[in-house]
Amino acid sequence: MATQCYDPENSASRYTLLPDQPDSGHRKSLKIISGIFLSVFLLLSVAFFPILNNQSPDLQIDSRSPAPPSRGVSQGVSDKTFRDVAGASNVSYAWSNAMLSWQRTAYHFQPQKNWMNDPNGPLYHKGWYHLFYQYNPDSAIWGNITWGHAVSKDLIHWLYLPFAMVPDQWYDINGVWTGSATILPDGQIMMLYTGDTDDYVQVQNLAYPANLSDPLLLDWVKFKGNPVLVPPPGIGVKDFRDPTTAWTGPQNGQWLLTIGSKIGKTGVALVYETSNFTSFKLLDGVLHAVPGTGMWECVDFYPVSTKKTNGLDTSYNGPGVKHVLKASLDDNKQDHYAIGTYDLGKNKWTPDNPELDCGIGLRLDYGKYYASKTFYDPKKERRVLWGWIGETDSESADLQKGWASVQSIPRTVLYDKKTGTHLLQWPVEEIESLRVGDPTVKQVDLQPGSIELLRVDSAAELDIEASFEVDKVALQGIIEADHVGFSCSTSGGAASRGILGPFGVIVIADQTLSELTPVYFYISKGADGRAETHFCADQTRSSEAPGVGKQVYGSSVPVLDGEKHSMRLLVDHSIVESFAQGGRTVITSRIYPTKAVNGAARLFVFNNATGASVTASVKIWSLESANIQSFPLQDL
């Protein structure tokens, strides 16, 4: 049974959450009820007073050391240090080894140790999926960027291989940066990547496998004529990076690719043509440009089918095809995308809706997610998306635990035929191979202000599918004009109550709910009676530690007639990837609890609306760990 709990001081402004309590089913006397109410009130006061007052008994301020300089910015790439918490570099917390060990993920890809960022050149070759990634062999902070390399048969279980490329030439001595793979019709693999030269100029270089018959692609050769591209006139030497996978042009043997840049404050995608990947010509104009969006990093450009349910090769074009343009915005560290039409002859891409143009409209992920890259998987005819999930704790904590950052679970990408405006991102089907046994199935009627504990073996590694039906009378009859313009980020989080929300799932909570991370829907209605649904992830009480990110992430999400409010959550210790409405809106959260760790983590469903009941239907699978280890040396 759901436990209904109101804050006696201000039930409309916040919710208070207690563990599930048994219901005897007997009528209580007034005296007993009064006693219970008083006990609950005292318990709430004790349990939540530290939270409401932001007490952090283990806070330590180190006033002796100034904030370290931004990592990467001086060399011309986006800041590689989390700086959203004011003065976070001077704030430390007494992390225990048990807490830090718990933060390491169980089924997300990450190196054995040290720093990792952007995914590079993903491809499929002779039965193996290959992932390359930005890696620092020496430390858990950014620097000395090398290409790490791993292979997998299923995108879930991985084998670490020796480094693919190291910064050892004048044209990449300050970093072997982000790049993409193009597979030619004869099977040759052309890997173009950005190098940071000995005098900090961003140039594009070519590398290719030494032995294409090797399924593991262990040895890579850097072209002796590198660099193959240097910044063109009018482009800054630190504003020219991250070449995309190439696609075939209108002329026989012609290949086209785009590189991110900026002109003033206008983000641009430059386009080059080549026939041999060693000599290039800059085409007139740009593929696309959006004023005010700043530097475009890690540009991605690919087709999606408006009719079929499979992915498309990068060179595919024709009827029933839209093209996605994605840019990672250096100014705000967000991955934006837009859907539009590509004119191959004119080499121009036009957004379907200028109000949803790249950089000012939709985002791939509204949480901690950046520098994403897709590739076409010919084995299963799908387009697969990777993204870098950075840390939102301090560098000192990363150094203490010995690692920083992970890659997202690979996601399939499809065009949303129902809306015509969104992409659908969904975890690759192989993740389901980690599910253990039958799911826990639960249906809960949640009255306004109620919460229920869901009992699972381990709340730290879960695959959760949940749908919610809102009381139709309330949904259709209520006008909530004062919530027009609702925004997840400025709403105050799940404690901010409205007539029609929030309601959802609480992950990585401790028993007393002193730490919790709600993922939820919030429905706002204007004077015209139209409902708008928002999908949010609230980290404001995810940790009692200072100096870690505690934002409220999220955005609106279309919920069409006949659809339930649905979400899927992948919980993996310090990471929660949340997918709403089949992947129309996605949020990735990094959380660093101090109490809700190991066996103390709990899972709840809740309804903190003031005027609508909600029925929750939940399926919960426990997930086992992925096998991620070094390739046996004797087999190399």
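This text follows the structure it describes.
Residues numbered from 1 in each chain as written. Predicted model: local features only at pLDDT ≥ 70, side-chain atom pairs only at ≥ 80, totals over all residues. Heavy atoms only, no water.

A. Quick peek at the state of the cysteines. Evaluation of the coordinates by the stated rule reveals 1 disulfide. Linked covalently through their sulfurs, Cys488 and Cys536 form a disulfide whose S-S length is 2.0 Å. Handedness here is read from the sign of the S-S torsion; for Cys488 and Cys536, about -65 degrees, the answer is left-handed. Of this pair, Cys488 sits in the loop between helix 4 (472–477) and strand 30 (503–509) while Cys536 sits in strand 32 (residues 531–538); the two residues are 48 residues apart in sequence, bridging distant segments of the chain. (Disulfide = S-S within 2.5 Å. Helix = DSSP H or I, 4+ residues; strand = E, 2+ residues; numbered from the N terminus.)

B. Region of interest: the pattern of salt bridges. A full pass over the atoms with the stated rule returns 28 salt bridges. In this structure, the salt-bridge partner of Asp330 is Arg241, at a minimum N-O distance of 3.4 Å. With Asp330 in the loop between strand 18 (321–329) and strand 19 (334–343) and Arg241 in the loop between strand 11 (220–222) and strand 12 (247–248), the pair connects residues that are 89 residues apart, well separated along the chain. Classification of Asp330 by relative accessible area gives buried; the value is 15%. With its nearest N and O atoms 3.1 Å apart, the salt bridge here joins Arg590 to Glu391. Of this pair, Arg590 sits in strand 36 (residues 585–590) while Glu391 sits in the loop between strand 22 (382–389) and helix 3 (395–401); the two residues are 199 residues apart in sequence, bridging distant segments of the chain. Each of Asp377, Lys380, Arg382, Glu429 and Glu430 takes part in a single network of salt bridges with overlapping partners. (Salt bridge = Lys/Arg side-chain N within 4 Å of Asp/Glu carboxyl O. Buried < 20%, exposed > 50% of the residue type's maximum accessible area, 1.4 Å probe, protein only.)

C. Geometry of the nonpolar core. Counting 59 residues, the largest nonpolar core has Leu423, Ile464, Phe468, Val505, Val507, Met567 and Leu603 as the members making the most contacts within it. Each of two domains, domain 1 (119–429) and domain 2 (435–622), supplies a minimum of three residues to this core. Membership of the second largest hydrophobic core comes to 26 residues, among which are Met116, Ile409, Val428 and Ala626. (Core = buried A, V, L, I, M, F, W, Y, C linked by side-chain atoms within 4.5 Å. Domains from an automatic or database assignment.)

D. A look at unusual backbone geometry. Cis geometry marks the peptide bond from Asn226 to Pro227; its omega dihedral reads 0 degrees. Here Gly501 and Pro502 are connected by a cis peptide whose omega angle stands at 10 degrees. Tracing the chain through its elements places Pro502 in the loop between helix 4 and strand 30. At Ser405, a position not held by glycine, the phi torsion is positive, near 85 degrees.

E. The environment of Lys418, seen in detail. Of note, Lys418 is situated in the loop between strand 25 (411–415) and strand 26 (423–427). By relative accessible area, which is 61% here, Lys418 ends up exposed. Put simply, Lys418 and Pro558 are 140 residues apart on the chain and 9.8 Å apart in space, counted from C-alpha to C-alpha.

F. Region of the structure containing the sheet that holds strand 36. Overall, antiparallel pairing links the 6 strands, which are arranged 27-38-29-34-35-36 in an open sheet. Lying at the two open borders of the sheet, with one neighbouring strand each, are strand 27 (435–446) and strand 36. The sheet shows a mean angle of 15 degrees between the axes of neighbouring strands, direction not considered. (Pairing = 2+ DSSP bridges. Axes fitted to C-alpha atoms, helices over the stretch in contact; angles between N-to-C directions.)

G. Representation of the sheet that holds strand 9 (residues 189–196) within the structure. Taken together, the 4 strands give an open sheet; going across it, the order is 8-9-10-11, and neighbouring strands pair in antiparallel fashion. Every other strand in the sheet has two partners, leaving strand 8 (176–183) and strand 11 as the edge strands with one partner each. Averaged over all adjacent pairs, the angle separating strand axes in this sheet is 30 degrees, with direction ignored. Alignment of strand 10 (residues 202–209) against strand 11, held across 3 bridges, turns out to be antiparallel. Paired with Pro209 across the bridge in strand 11 is Trp220.

H. Region of interest: the packing of aromatic side chains. One pass over the structure, following the stated rule, counts 29 aromatic pairs. With centroids separated by 5.9 Å and ring planes inclined at 65 degrees, the aromatic side chains of Trp115 and Trp388 adopt a geometry described as edge-to-face. Here Trp115, found in strand 4 (residues 114–125), pairs with Trp388, found in strand 22; they are 273 residues apart in sequence, far enough to count as distant. Across the pair, Trp388 and Trp115 agree in class, each one buried. Among the aromatic residues, ring-to-ring pairing joins Phe109, Tyr133, Tyr135, Trp158, Tyr160, Phe163 and Trp386 into one connected group. Sitting over the face of the ring of Trp621, Arg435 holds its NZ or CZ atom 3.6 Å from the ring centroid. (Phe/Tyr/Trp six-rings, centres within 6.5 Å; stacked < 30°, edge-to-face > 60°. Lys NZ or Arg CZ within 6 Å of the ring centre and 35° of its normal.)

I. The side chain of Asp463, seen in detail. Structurally, Asp463 can be placed in strand 29 (residues 461–470). Overall, Asp463 belongs to the buried group, its relative accessible area being 0%. For Asp463, the side chain forms a polar contact with the side chain of Arg568, separated by 2.7 Å. What Asp463 contacts, discounting residues up to four positions off in sequence, is Arg435, Arg568, Leu569, Leu570, Lys619, Ile620, Trp621 and Leu623. (Polar contact = N/O pair within 3.5 Å; in protein donor to acceptor, adjacent residues only side chain to side chain. Contact = heavy atoms within 4.5 Å.)

J. Spotlight on the pairing of strand 5 (residues 128–136). A large share of strand 5 lies buried, amounting to 9 of its 9 residues. The side-chain alternation of strand 5 yields two buried faces, one formed by Trp128, His130, Phe132, Gln134 and Asn136 and the other by Tyr129, Leu131, Tyr133 and Tyr135. Here strand 4 runs beside strand 5; their pairing, made up of 7 bridges, is antiparallel. Residue Asn120 lies in a different strand from strand 5, and its bridge partner there is Phe132. In sequence, strand 4 turns back onto strand 5 through a hairpin of 2 residues, with Lys126 there showing a positive phi of about 50 degrees. Here strand 5 pairs with strand 6 (residues 146–152) via 7 bridges, running antiparallel. Across the sheet, Leu131 pairs through a bridge with Ala150, a residue of strand 6.

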